[in-house]
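# Close look at the chain arrangement
Take a look at the letters that make up each chain.
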Number of protein chains: 2
Amino acid sequence: MSGSRRSAPRQSAAIVAVGDELLGGAHPDLNGPWLAAELEELGIAVEHVHVVGDDELALAELLRELCAVHVLVVTSGGLGPTPDDVTRHAAARALGVELEHHEPSWSSIVALFAERGRVPTDGNRRQALFPAGATVLENDRGTAPGFVCTTERADGSPGLLASLPGPPGELQPMARAGLFPRVTKDLVVESERPVVGRLSLWGIGESDFAAAAGDWLDRATDPVMGVCARAGVLVLKATSKGDGARARVDARIDEMRARFASRVVSSDHAELEETLVAELRAAGLKLAVAESCTGGRLAGALTDVPGASAVFEAGFVTYADRIKSSVLGVPEELLRTHGAVSAPVAAAMARGARERSGADLGVSTTGVAGPDGGSAEKPVGLVVFGLATADGAVTLTRRFPAVGRERIRRYAVQQALALALWAVRGRLAELDIQPEA
Amino acid sequence: MSGSRRSAPRQSAAIVAVGDELLGGAHPDLNGPWLAAELEELGIAVEHVHVVGDDELALAELLRELCAVHVLVVTSGGLGPTPDDVTRHAAARALGVELEHHEPSWSSIVALFAERGRVPTDGNRRQALFPAGATVLENDRGTAPGFVCTTERADGSPGLLASLPGPPGELQPMARAGLFPRVTKDLVVESERPVVGRLSLWGIGESDFAAAAGDWLDRATDPVMGVCARAGVLVLKATSKGDGARARVDARIDEMRARFASRVVSSDHAELEETLVAELRAAGLKLAVAESCTGGRLAGALTDVPGASAVFEAGFVTYADRIKSSVLGVPEELLRTHGAVSAPVAAAMARGARERSGADLGVSTTGVAGPDGGSAEKPVGLVVFGLATADGAVTLTRRFPAVGRERIRRYAVQQALALALWAVRGRLAELDIQPEA
């Protein structure tokens with residue numbers, strides 16, 4: 001990733017996320033990562049994301065500096081109707097031009113308000129102001145239009161400055177419809193446009209991967225490899241450019257798939273839940289889940305996937321022992337003898353979910369997410385997983401490090417998804433499962 | 001917020017999030033917003049968050065520039081064992097000092113690996129290197145220790161440069177245990193330390209709030225007000241400094257509480273789920289949920305709260321109509337006549353969750369999250385909520401705008417939590433509920 005970035009001619013970009021609320025900790029900036037990933041696929045390397053407050057003069061100075069260096073500068077946010085929204089003023093100041101009223105944009109704003117039975121305020125008039133010479137980018141999801149202006153870098157070469165609204169639901173369609181086509185036309189050098197292939201793995205850590213794939217990781221190698229770990233999933237990326245790039249990338253993905261055959265999640269979907277839903281669907285199988293320590297997060301991850309209803313039958317969040325018995329039919333005897341966090345109970349929960357719902361597969365989680373409830377025998381981080389099919393039930397026990405309740409729950413969700421995925425593939429032997437206790 | 005920031009003497013800070021994966025779009029930077037919010041409470045204003053790649057020389061140059069200006073510079077990430085992890089090298093370079101081996105840190109790393117049945121790699125040796133003169137910050141959740149160094153600003157005044165690991169689960173405890181006490185000791189001017197009060201509201205938009213609270217929003221007013229909207233919850237913040245600050249802030253919070261009495265979520269917990277768990281606990285009540293369109297996210301939000309097991313009985317994720325009948329006892333007749341997204345079905349689901357679990361309250365969601373499944377009569381974004389108690393069931397119907405599956409599900413979870421909270425308070429009349437159909 002970075003290897004290709006640094007060897008290429010300087011088609012670099014910077015992103016500026018504007019808003020006091022971002023510095024106040026209200027929420028993370030989601031636009032920088034999204035824009036960086038999209039622009040990378042066009043061959044434009046985002047080198048720096050700046051998050052700054054609503055200060056017109058400071059922003060103008062920053063934009064002036066960035067436009068002197070980068071072929072593309074994109075701002076997000078600060079295009080609203082209030083005096084705090086200073087991006088259009090700062091952009092005009094950075095470019096040394098005036099703001100001009102744009103009548104078609106004003107008409108659109110008036111029409112949008114009329115549609116909602118309201119009248120625009122004086123503040124909304126600001127939203128029809130654009131730096132002289134700007135191309136207006138329409139906003140079909142909100143009142144704030146964006147714009148794109150040509151710039152001149154310090155070396156005299158041309159560039160672009162684009163300003164987009166802050167809400168990702170408005171920024172993304174505007175970038176796709178208005179900004180990226182302009183970037184492609186004005187800035188993209190086709191021979192520098194990268195070809196990217198991806199492969200995601202489960203059940204291998206970054207350092208073990210590096211030991212097994214060392215020869216591919218040298219930054220001088222073509223394709224260039226990127227590795228990124230996300231809650232137990234390792235996402236590998238192979239990037240190449242120029243003649244034969246597609247063939248080189250495909251060949252490397254095939255090699256990786258062969259070397260890590262027992263670990264491959266997918267080359268299409270990075271997320272375990274998307275892969276699981278797709279493979280359940282292809283196999284014509286239905287799934288039910290019974291959750292204790294993950295408390296609904298496993299069902300939530302599955303039903304995040306559009307179309308999950310075709311394969312997801314039912315979820316049971318059975319926190320209390322009493323509910324494990326009454327809802328899932330876990331024998332009270334098992335709970336008394338082994339405790340709720342145990343292989344026999346995990347197996348019984350998985351069987352209960354399957355039988356109560358009529359699904360083909362039942363998956364269960366029971367563990368100690370913390371911060372309280374741990375013991376010497378059953379410490380915080382211990383999670384037992386169950387998987388039931390028509391052939392019976394198996395379990396898998398893991399002890400996650402004490403990384404906090406939220407991460408333990410997230411890892412447990414991922415492990416449960418992987419268990420189900422390997423079961424659908426009929427390859428449970430590749431995981432460290434235990435026969436039913 | 002920004003008003004107070006700009007009027008204060010220059011106790012400014014910058015944050016640098018380091019990692020190619022952040023620019024590759026793998027995930028947003030969560031550390032910048034968290035650190036900015038925490039430092040603001042200490043009276044240190046974060047003016048700029050930088051997100052940059054793993055480039056040692058560029059990072060060293062950036063850190064040198066920032067340390068010349070700011071009283072505090074904090075980096076996150078790039079402290080791992082691989083050659084890509086360049087933060088400690090860049091920090092030493094920026095400070096003009098050598099890296100030195102720190103034996104106690106190395107012993108801790110060896111011990112941590114031994115605990116996990118493993119042996120550290122040569123790469124891990126890098127993790128025991130620190131800029132000369134640094135104070136090591138221990139990491140009890142991972143292998144990467146952090147560090148803090150003294151700096152000298154361009155005007156000769158002293159400052160701090162701190163480097164923390166990237167995972168928020170490691171960064172946050174390290175910042176709390178090691179960095180913030182040092183910042184308080186070395187940098188905080190007590191008279192500049194702000195007093196902050198908070199109040200969160202449900203069911204009022206930003207513009208309606210501004211109209212009702214206009215006299216408090218002027219930046220010249222003391223306390224200074226900050227407003228931030230988060231998935232339907234409006235978080236208000238009142239900030240003041242100097243003599244009598246606590247009294248001024250408390251008085252303003254009391255005024256806000258009085259003016260928005262029917263909308264108040266909490267002045268202790270910003271999140272609806274934390275407030276709901278606390279108030280269920282105080283009332284000695286237990287809750288069960290039945291979810292269709294939210295698919296486990298409602299149960300997941302509740303069980304994110306440590307100690308939720310004291311009040312959360314059971315969750316039922318009933319996606320298919322067949323499961324709504326077999327698991328929750330929703331009459332098939334109701335599903336046929338009214339459809340799954342209807343007030344009678346929402347009420348029956350809530351009753352079913354309550355009765356099947358023996359809880360005091362049952363809450364349900366059923367709706368069209370999209371992207372498919374919408375119709376003219378029941379469009380994407382339509383969600384019906386049910387609430388059952390010993391006294392019977394009520395429902396509430398909302399139509400969320402078409403902002404995408406993920407946001408519709410998030411808003412629906414928030415509305416369900418608010419419905420339950422107002423029920424616990426015996427104040428359902430303040431919401432727009434409907435008697436059972």
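Given the structure is predicted, the values throughout are model-derived calculations rather than measurements.

## Some points on the overall build of chain A
When helices and strands are counted, chain A shows 17 helices and 18 strands. Dimensions of chain A, computed from the C-alpha atoms along their principal axes, are close to 80 × 55 × 40 Å. Counting only residues that meet the buried cut, chain A has 57% of its 437 residues in that class. Within chain A, contacts between residues separated by at least 24 positions form 68% of all contacts whose residues are at least 6 apart in sequence. Accessible surface, chain A as shown: approximately 17100 Å² in total, 50% of it carbon and sulfur.

## Concerning the relation of the copies chain A and chain B
Mapping chain A onto chain B calls for a screw motion: a turn of 180° about the axis and a shift of 0.8 Å along it, with 1.1 Å RMSD after fitting. Overall, the copies show the geometry of a two-fold rotation axis. A symmetric contact is evident, with 92% of the interface residues of chain A recurring at the interface of chain B.

## Focus on the UniProt feature "domain: MoaB/Mog" (unreviewed entry) in chain A
Here the UniProt feature "domain: MoaB/Mog" (unreviewed entry) sits at residues 14–185 of chain A. The straight-line gap between the two end C-alpha atoms of residues 14–185 of chain A is 19 Å; of that span, 43% is helix and 24% is strand.

## Here we look at the sheet that holds strand 1 (residues 12–18) of chain A
Spatial strand order, 6(A)-7(A)-8(A)-3(A)-1(A)-2(A)-2(B)-1(B)-3(B)-8(B)-7(B)-6(B): 12 strands in an open sheet with mixed pairing. Each edge of the open sheet is held by one strand with a lone partner, namely strand 6 (135–137) of chain A together with strand 6 (135–137) of chain B. Strand after strand, the sheet turns through a mean of 20° between neighbouring axes, direction not considered. Here six bridges tie strand 7 (residues 146–152) of chain B to strand 8 (residues 158–164) of chain B, and the two strands are oriented antiparallel to one another. Bridged to Val148(B) within strand 8 of chain B is Ala162(B).

## Some thoughts on the interface of chain A and chain B
Each partner contributes to the interface: chain A provides 72 residues, whereas chain B provides 71 residues. On the chain A side of the interface with chain B, the three residues burying the most area are Leu23(A), Arg297(A) and Tyr319(A), jointly 11% of the side's total. For the pair chain A and chain B, the number of links is six salt bridges. On the surface where chain A and chain B come into contact, there are 28 residue pairs in polar contact (both at pLDDT 80 or more). Its residues assigned to classes, the side of chain A that touches chain B shows 32 nonpolar, 19 polar and 21 charged.

## What about the nonpolar core?
All names here are of chain A. Core analysis: the biggest nonpolar cluster contains 47 residues, and Leu276, Leu287 and Leu302 have the highest contact counts within it. Broken down by secondary-structure element, the contributors of at least two residues to this core are strand 11 (233–240), helix 12 (272–283), strand 13 (287–291), helix 13 (297–304), strand 15 (361–367), strand 16 (382–389), strand 17 (392–399) and helix 17 (405–424). For this core, the element with the most residues is helix 17, which contributes 13 residues. Among the domains, domain 2 (194–266) and domain 3 (272–435) are the pair contributing at least three residues each to this core. If we ignore the near neighbours within four places in the chain, the residues touching Leu276 are Leu287, Leu302, Leu417, Ala420, Leu421 and Val424.

## Here we look at the pairing of strand 8 (residues 158–164) of chain A
Residue and element names in this part refer to chain A. Burial analysis of strand 8 places six of its seven residues in the buried class, which makes it a mostly covered element. Two elements, strand 3 (residues 72–76) and strand 8, share five bridges in a ladder whose sense is parallel. Paired with Ser76 across the two strands is Leu164, which belongs to strand 8. The turn linking strand 7 (residues 146–152) back onto strand 8 is made up of five residues, and Gly156 within it adopts a positive phi angle of 90°.

## Considering the confidence of the model for chain A
A residue-level look at chain A finds 97% of positions with pLDDT of 70 or above and a mean pLDDT of 91. Confidence over residues 1–9 of chain A falls short of pLDDT 50; this stretch has 26 contacts with residues more than four positions distant or in other chains.

## Structural notes on the pattern of salt bridges
All names here are of chain A. One pass over the full model with this rule turns up 46 salt bridges over all chains. A salt bridge links Arg410 to Glu406; the shortest N-O distance between them is 3.4 Å. Of this pair, Arg410 and Glu406 both sit in helix 17, four residues apart, which is roughly one turn of that helix. In the salt-bridge network here, residues are joined through shared partners; they are Arg182, Lys185 and Asp186.

## Concerning helix 16 (residues 343–357) of chain B
All names here are of chain B. Under the 1.5 Å per step criterion, the end-to-end length of helix 16 is 21 Å for 15 residues, consistent within 8% with the ideal 21 Å. In terms of burial, helix 16 is largely enclosed, as 12 of its 15 residues are buried. When helix 16 is considered as a whole, its buried residues turn out to be Ala343, Pro344, Val345, Ala346, Ala347, Ala348, Met349, Ala350, Gly352, Ala353, Arg354 and Ser357. Looking one or two places after helix 16, you find Gly358, whose phi comes out positive at around 75°.

## Here's the deal with the packing of helix 14 (residues 321–328) of chain A against helix 16 (residues 343–357) of chain A
All names here are of chain A. For the pair helix 14 and helix 16, interaxial distance at closest approach is 9 Å and the crossing angle is 40°. With respect to their mutual orientation, helix 14 and helix 16 come out oblique. Relative to helix 16, the crossing made by helix 14 is left-handed. Taking contact as the criterion, the partners of Lys324, Ser326, Val327 and Leu328 in helix 14 are, on helix 16, Val345, Met349, Gly352, Ala353 and Arg356. Residue composition of the contact of helix 14 with helix 16, by class: five nonpolar, two polar and two charged.

Analysis parameters
- Residues numbered from 1 in each chain as written.
- Chains lettered and ligands numbered in written order.
- Predicted model: local features only at pLDDT ≥ 70, side-chain atom pairs only at ≥ 80, totals over all residues.
- Heavy atoms only, no water.
- Helix = DSSP H or I, 4+ residues; strand = E, 2+ residues; numbered from the N terminus.
- Buried < 20%, exposed > 50% of the residue type's maximum accessible area, 1.4 Å probe, protein only.
- Contact = heavy atoms within 4.5 Å.
- Areas by Shrake-Rupley, 256 points an atom, 1.4 Å probe, with all protein chains shown as cover.
- Least-squares fit on C-alpha atoms with pLDDT ≥ 70 in both.
- UniProt positions renumbered as here; feature names shortened; annotations may be inferred.
- Pairing = 2+ DSSP bridges.
- Axes fitted to C-alpha atoms, helices over the stretch in contact; angles between N-to-C directions.
- Buried area = accessible area lost by both parts, 1.4 Å probe.
- Salt bridge = Lys/Arg side-chain N within 4 Å of Asp/Glu carboxyl O.
- Polar contact = N/O pair within 3.5 Å; in protein donor to acceptor, adjacent residues only side chain to side chain.
- Nonpolar A, V, L, I, M, F, W, Y, C, P; charged D, E, K, R; others polar.
- Core = buried A, V, L, I, M, F, W, Y, C linked by side-chain atoms within 4.5 Å.
- Domains from an automatic or database assignment.
- pLDDT = per-residue confidence, 0-100.
- Expected span 1.5 Å × (residues − 1).
- Parallel < 35°, antiparallel > 145°, perpendicular 65-115°, else oblique.
- Left-handed = near helix turned anticlockwise from the far one by under 90°.

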